[in-house]
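The chain contents come next:
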Amino acid sequence: MTEQGTSEQGGTGGADRHVRVVLVDDHRMFRTGVQAEIGQTDTTGVEVVGEAADVDQAVTVITATRPEVVLLDVHLPGGGGVEVLRRCAPLMSDAERPVRFLALSVSDAAEDVIGVIRGGARGYVTKTITGADLINSVFRVQDGDAVFSPRLAGFVLDAFASTDAPPVDEDMDRLTQREREVLRLIARGYAYKEIAKQLFISVKTVESHVSAVLRKLQLSNRHELTRWATARRLV
């Protein structure tokens, strides 16, 4: 993990505190990396009690283990992070043993942030966060605080300050969540290899997603795609 501030103060949790965490992400290598980064319980105070790779697994593991905090990816097979939140709503509302959710995603798109916060997540940080900041964020969420990577907080403030529903973008609705991720990274000038590394997918898969995006949006090349994304303020 590379550095990204989360505006929290203080150090990591440490052995004087303890929090039970479930990791929900469809990329096993990423879960392994997070486990190695934060799961040294004697040092960090974080105990990883379960993992899941899709919505059904997540609901099963979270219900069985009742962690204090769930690190939740936004884009998951089976309906995404919002579906996990919907199905775990009774656990979140338990007054005595609430399960709290912190979104941890590669996406920094406003609609993703707003969607999971409306669903009940207590915060949203991107996968560029440092291990120390992630540990601190987990403990803050355990305490009931709201935690966001700095630039994402504005999305939430703007969304909840407005009474108007966001306009429907029929073109964007044609794209899958993964295609939207690839679209944004392409529009920001990332090479295919860089996108593959960031999203934990193969270069061939990136190429397939780009082809699908171009076809669905009826665009000819990545330059047109970049102009399309910029016009919609997706970059």
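Anything mentioned here points back to the structure above.
Residues numbered from 1 in each chain as written. Predicted model: local features only at pLDDT ≥ 70, side-chain atom pairs only at ≥ 80, totals over all residues. Heavy atoms only, no water.

## Overview of helix α7 (residues 131–142)
In this model α7 runs 17 Å from its N-terminal to its C-terminal C-alpha over twelve residues, within 8% of the 16 Å that 1.5 Å per residue would give. Counted residue by residue, α7 has ten buried out of twelve residues, so it is predominantly covered. At the C-terminal side of α7, Gly 144 shows a positive phi close to 95°. (Helix = DSSP H or I, 4+ residues; strand = E, 2+ residues; numbered from the N terminus. Expected span 1.5 Å × (residues − 1). Buried < 20%, exposed > 50% of the residue type's maximum accessible area, 1.4 Å probe, protein only.)

## Focus on unusual backbone geometry
Residues other than glycine predominantly adopt negative phi, and peptide bonds predominantly adopt the trans conformation. Its identity as a non-glycine residue notwithstanding, Phe 200 has a phi of 60°, on the positive side. Counting through the fold element by element, Phe 200 comes out in the loop between α11 (192–199) and α12 (203–217). The class of Phe 200 is partly exposed, set by a relative accessible area of 34%. At Gln 218, a residue that is not glycine, the phi angle is positive and equals roughly 55°. Among the structural elements, Gln 218 can be located in the loop between α12 and α13 (222–231).

## A closer look at the sheet that holds strand β2 (residues 46–52)
The strand order across the open sheet formed by six strands is β2-β1-β3-β4-β5-β6, and the pairing between neighbours is parallel. The sheet is open, and its two edges are formed by β2 and β6 (147–148), each paired on a single side. Helix α3 (residues 55–65) rests against β1 (19–24), β2, β3 (69–72) and β4 (100–105) of the sheet, and its axis sits at about 170° to β1. Across the sheet, α7 lies against β1, β2, β3, β4, β5 (123–126) and β6, angled at about 155° from β4, the strand it touches most. (Pairing = 2+ DSSP bridges. Contact = heavy atoms within 4.5 Å. Axes fitted to C-alpha atoms, helices over the stretch in contact; angles between N-to-C directions.)

## Topic: the nonpolar core
Ranked by internal contacts, the top residues of the largest apolar core, which has 27 residues, are Val 24, Ile 62, Val 84 and Phe 101. Counting residues per element, the ones that place at least two in this core are β1, α3, β3, α4 (80–87), α5 (89–92), β4 and α6 (110–119). Residue contributions to this core peak at five residues, all from α3. In this structure, Ile 62 is in contact with Val 22, Val 24, Pro 67, Val 70, Val 84, Cys 88, Leu 91, Val 99 and Phe 101, ignoring residues within four places of it in sequence. Within the second largest apolar cluster, 21 residues are counted, among which are Val 206, Leu 214, Trp 228 and Ala 229. (Core = buried A, V, L, I, M, F, W, Y, C linked by side-chain atoms within 4.5 Å.)

## As for α6
Along α6, the residues classified as buried are Asp 112, Val 113, Ile 114, Val 116 and Ile 117. The first or second residue beyond α6 is Gly 120, which carries a positive phi of 120°.

## Looking at the environment of Gly 80
Residue placement: Gly 80 occurs in helix α4. Look at Gly 80 and you get buried, because its relative accessible area is 7%. Once the C-alpha coordinates of Gly 80 and Asp 54 are considered, the two residues, 26 residues apart in sequence, prove to be 7.8 Å apart. Apart from the residues lying within four places of it in its own chain, the contact partners of Gly 80 are Val 55 and Val 74.

## Considerations on the pattern of salt bridges
Tallying each qualifying case throughout the model produces 13 salt bridges. Ionic pairing is found between Asp 94 and Arg 66, a salt bridge with its closest N-O pair at 2.9 Å. On the criterion of sequence distance, the pair formed by Asp 94 in the loop between α5 and β4 and Arg 66 in the loop between α3 and β3 is long-range, its members being 28 residues apart. The class for Asp 94 is partly exposed, based on a relative accessible area of 26%. Accessibility expressed as a relative area gives 19% for Arg 66, which makes it buried. The closest approach of N and O atoms between Arg 178 and Glu 181, which form a salt bridge, is 2.3 Å. Of this pair, Arg 178 and Glu 181 are both found in helix α10 (residues 177–187), three residues apart, which corresponds to roughly one turn of the helix. In this structure Arg 178 comes out as buried when scored by relative accessible area, which is 16%. Through salt bridges with shared partners, one network takes in Asp 25, Asp 73 and Lys 127. (Salt bridge = Lys/Arg side-chain N within 4 Å of Asp/Glu carboxyl O.)

## Some points on the packing of aromatic side chains
A complete count under the given rule lists one aromatic pair for this structure. When the ring of Phe 30 is compared with that of Phe 200, the centres are 5.6 Å apart and the planes differ by 65°; the resulting orientation is edge-to-face. Here Phe 30, found in helix α1 (residues 28–38), pairs with Phe 200, found in the loop between α11 and α12; they are 170 residues apart in sequence, far enough to count as distant. Given a relative accessible area of 8%, Phe 30 falls into the buried group. Stacked on the ring of Phe 30, the Lys or Arg Lys 127 has its end atom at 4.1 Å from the ring centre. (Phe/Tyr/Trp six-rings, centres within 6.5 Å; stacked < 30°, edge-to-face > 60°. Lys NZ or Arg CZ within 6 Å of the ring centre and 35° of its normal.)

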